[in-house]
Every structure is written in structure tokens, then in C-alpha cells.
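# Survey of secondary and tertiary structure
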Amino acid sequence: MSRNAAVARTGSEQALAVYQELRARQGTTFDQVADRLELSADERERCRDELASLGLTGPSLDSNAVVDPDVALLRLLRRERDRLQERLAATSRAHTALEALAGPFLRAGATPRGEIEVEIVDDPHRVRRSLADLTDSVRTAAHFMHTGSVRREELPGELAQDRLWADRGVRIRAMYSRRAASVPEMAQHLEERAALGVEVRFASVVPMNMVLADENFALLPTDPHDLSSAVILARGPGLVRSYLALYEYCWTAAAPYGEEEESEKGGDGLSEQQRAALLMLASGIKDEQIAKNLGVSLRTVSRLLSEVMQELGAASRFEAGVKASRLGLLDGEAP
């Protein structure tokens, strides 16, 4: 390849060219490919960093540890999931700190009331009044997270609120646990909410009940695992934006309404051997090593993974990995 052709490539294009050469020429090292493409020292370093950040290369480029794109993407998904779990754990620890600080510290005026207000409320009537006040005060967006079904007596009021907000152009998002859609009455309610323009999504695991509004109001439990626990009422963008970032993480991983049946297809019918093969595939283990770990032939591994794809309704191994992640099938450790 001429130097002029190499110069024509910049940034990501050079990294892509290096990656394609490494895949096409088995046994070739990174430096050999860089020499062939006539890359400068700075260009080589940029390509190394970019390929490593995308997970397309292993820890040592000179050992030609090239990773398939679908495996790299699955690893990125798992890393994002791990980051979310760490964020949830940090949020739970923050709840305890807020409970200790909210009363004696914030109400004492140590933090300007115009910036942040935090209260721990254990009166259910007070909580309902605060939620009712949102109907008139929300201007741009409201975000809800439900770990279970909404109480029957609250369904008509929720629809009335949706209509009012829809008329004002308020964006409404609601995230539910998948099991909520299995309740006939809730399924009908969700269909009516979606018809009003509410953005509905489903997740295998919803970490807590949560209400956020206009980046200025947050309502969430002091103990996500105890539905009867007191709640935190927080006002002020300095705090609410942090919870909104957590909501966005969960929202991205959830399945949009209308697609949840396809996303939820399969999973329960997987055998232990199929689950083990799926976990190893998502961990980046090659078919040969999967066969060795399971004590079966390569042909059997190919059949197992084909059965997994069929069970999950996936057209490719990568799609199977994405659906398995959404269904929580990758929460275990690969053998």
C-alpha cells in the first residue's frame, strides 16, 4: 500500500484498516501491519488506543489477540451492565446517608433551600399530596419507575393525569417490571397509557419505585427492598439530575412497549448445557474452548448455540447475547 493511500485515511479509518489487516492476515503482529500501512508513531498510538477502547483487541496487540466484533460488543454490554449495578449500589448507600442528613442538616439551613431540599416522609397521605401537586406543576417531563403493578384504585387517576399532561405537551415515560404486563388489568391499562402517548418500557429487573419531574423533583424509597419504608422527597436539580442519570441507564436497557413480547421470547426453556454455552459465548470464549469445557464436539456446540438462538428468537449470536442480557440470563458466571 502506498504512503499516499495511508495518508488518505485518518483517525477511525486508520484503526479500521489496521483491524481488517490483522483479521485478514492471521499471525501478523500490530507492528507488522503498521509498517505495511506506513503509519507514523502518533498514528500507531492512536490506532492502538482506539482498538483497545473498543475491545477489538486483547491486552497485547503484538500477540495478535484480535477479538470478533460481536464478542467485543457483548463485552461492552456486560461492562455497561456492571457499571449500572455499581451505580445502583452507590445509590442505595446514598439513601442511608440522606436519611441521616436530611432532617438535622438540610432543614437546619446549611444548604440553600433554593438549590436542594430533602425530606424523609413516612406519612402516606403526605406522599400522595406531593404526587397530586405534580399534576399542575410539571412543565416538560415526568419519569416513572414501577417495580410492580399499580393499585387498581389509582389507575383511572393515572390516565386522567396522562391526558392532562399530553394536552400540555409534557413528555411522560414509565418503566415497569415485565411481570406487570402479565396482569390482564395492567395490560389493558398500559395499552391505554401508550395510546395517550406515554412512552412505556419493560425491564427484567426494576431497581426501585421512582418518580422524577422536570429535573427538579424526585420521589424514591429510603429502602428499595421495603415497599412500606419511608420515602425521600427531593427538590433541586443538583440532586435530581443524579437520579435522572440512573433512570436513563435503566431506560436504555429496557424493551419498548410492543417489543417486549419479542424480547421476552424464550429463555425459560434453555437447558443447563445451553445456558452454559450462552454464558461462555457472551464471555468471549471461542467455540473450540466451549466444546472443551463442556466435553462435547464442535458440532454439538454449534447445535447448542443454534438452539439458543431459536429459543430466544434471535437471528444472530450477537442478537441472542443482547436478548439474553435483557432477560437477565447473563447474570451468572461462565464456567
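Please read these numbers as outputs of a predicted model, since none were measured by experiment.

## So, the overall build of the chain
Across its full length, the chain holds 14 helices and 8 strands. Across the 335 residues in the chain, those meeting the buried criterion constitute 41%. Taking all contacts inside the chain whose residues are at least 6 apart in sequence as the whole, residues at least 24 apart take part in 68%. Accessible surface computed for the chain: about 17500 Å², of which carbon and sulfur atoms make up 51%.

## Concerning the pattern of salt bridges
Enumeration according to the criterion identifies 17 salt bridges in this entry. Across the pair Arg152 and Glu185 runs a salt bridge, and its minimum N-O distance is 3.0 Å. In this pair, Arg152 sits in the loop between strand E2 (141–146) and helix H7 (155–168) while Glu185 sits in helix H8 (residues 184–195), placing the two residues 33 residues apart along the sequence. For Glu185, a relative accessible area of 37% translates into the label partly exposed. Here Glu307 makes a salt bridge to Arg303, at a shortest N to O gap of 2.9 Å. You can see Glu307 and its partner Arg303 sitting in helix H13 (residues 298–312), 4 residues apart, about one turn around the helix. Its relative accessible area of 27% is what places Glu307 among the partly exposed residues. Note on Arg303: relative accessible area 42%, which makes it partly exposed. Connected through salt bridges with shared partners, the residues Asp31, Asp35, Arg44 and Arg48 form a single ionic network.

## Brief notes about helix H11 (residues 272–282)
The buried fraction of H11 amounts to 8 of the 11 residues, a majority that puts the element mostly inside the structure. For H11, every residue scored as buried is listed here: Gln274, Ala276, Ala277, Leu278, Leu279, Met280, Leu281 and Ala282. Positive phi appears at Gly284, one or two residues downstream of H11, with a value of about 90°.

## Quick word on the packing of aromatic side chains
To describe a pair of aromatic rings, you give the distance between the ring centres and the angle between the ring planes. Enumeration over the complete set of coordinates arrives at 4 aromatic pairs. Their ring planes at 35° and their centres at 6.4 Å tell us that Tyr176 and Phe202 sit as a pair that is tilted. In this pair, Tyr176 is assigned in strand E3 (residues 171–177) and Phe202 in strand E4 (residues 199–203), connecting sequence segments 26 residues apart. For the pair Tyr176 and Phe202, one class covers both residues: buried. Ring geometry for Tyr247 against Trp251: centres 6.0 Å apart, planes inclined by 20°, an arrangement best described as stacked. Here the residue Tyr247 and the residue Trp251 both occupy positions in helix H9 (residues 237–253), the gap between them amounting to 4 residues, near one helical turn.

## With respect to the environment of Ala166
Within the secondary structure, Ala166 sits in helix H7. A C-alpha to C-alpha distance of 8.2 Å links Ala166 and Val198, two positions 32 residues apart in sequence.

## Overview of the confidence of the model for the chain
Of the residues in the chain, 84% have a pLDDT of 70 or more, and the chain-wide mean is 79. pLDDT under 50 marks residues 105–113. Its contacts with residues more than four places away, or in other chains, come to 9 contacts. Here residues 261–266 is a poorly scored stretch, pLDDT under 50, and it has 17 contacts once near neighbours within four places are set aside; other chains count.

## Here we look at the environment of Gln32
Tracing the sequence through the fold places Gln32 in helix H3 (residues 30–37). Take Gln32: its relative accessible area is 45%, and that puts it in the partly exposed class. Sequence separation between Gln32 and Glu21 is 11 residues; the distance between their C-alpha atoms is 9.9 Å.

## Overview of unusual backbone geometry
With a phi close to 60°, Glu38 is a non-glycine residue in the positive phi region. Summarising the element assignment, Glu38 is placed in the loop between H3 and helix H4 (41–53). The phi dihedral of Glu215 falls on the positive side, at around 55°, and the residue is not glycine. With respect to the helices, strands and loops of the structure, Glu215 is situated in the loop between strand E5 (210–213) and strand E6 (217–221). The class of Glu215 is partly exposed, set by a relative accessible area of 35%.

Conventions used here
- Residue positions are counted from 1 within each chain, in the order its sequence is given.
- Residue-level local features of this predicted model are given only where pLDDT is at least 70; pairs of side-chain atoms are given and counted only at 80 or more, and the full residue set underlies all totals for whole chains, interfaces and linings.
- Hydrogens are left out, water is left out, and the side-chain values use all remaining heavy atoms of the structure.
- What counts as a helix is a DSSP run of H or I of at least four residues, what counts as a strand is a run of E of at least two, and both are numbered from the N terminus.
- The rule is simple: take the accessible area with a 1.4 Å probe, protein chains only, and divide by the maximum for that residue type; under 20% is buried, over 50% is exposed, in between is partly exposed.
- Residues are treated as being in contact if the distance between any of their heavy atoms lies within 4.5 Å.
- Under the convention used here, a 1.4 Å probe and the Shrake-Rupley method define accessible areas, while residue burial counts only the protein chains that appear.
- Whenever a carboxyl oxygen of Asp or Glu lies within 4 Å of a side-chain nitrogen of Lys or Arg, that contact is scored as a salt bridge.
- Stacked, edge-to-face and tilted are the three classes for Phe, Tyr and Trp ring pairs, Trp counted by its six-membered ring, which pair at centre distances within 6.5 Å; planes under 30 degrees apart are stacked, over 60 edge-to-face, the rest tilted.
- pLDDT is a per-residue confidence score from the predictor, ranging from 0 to 100.

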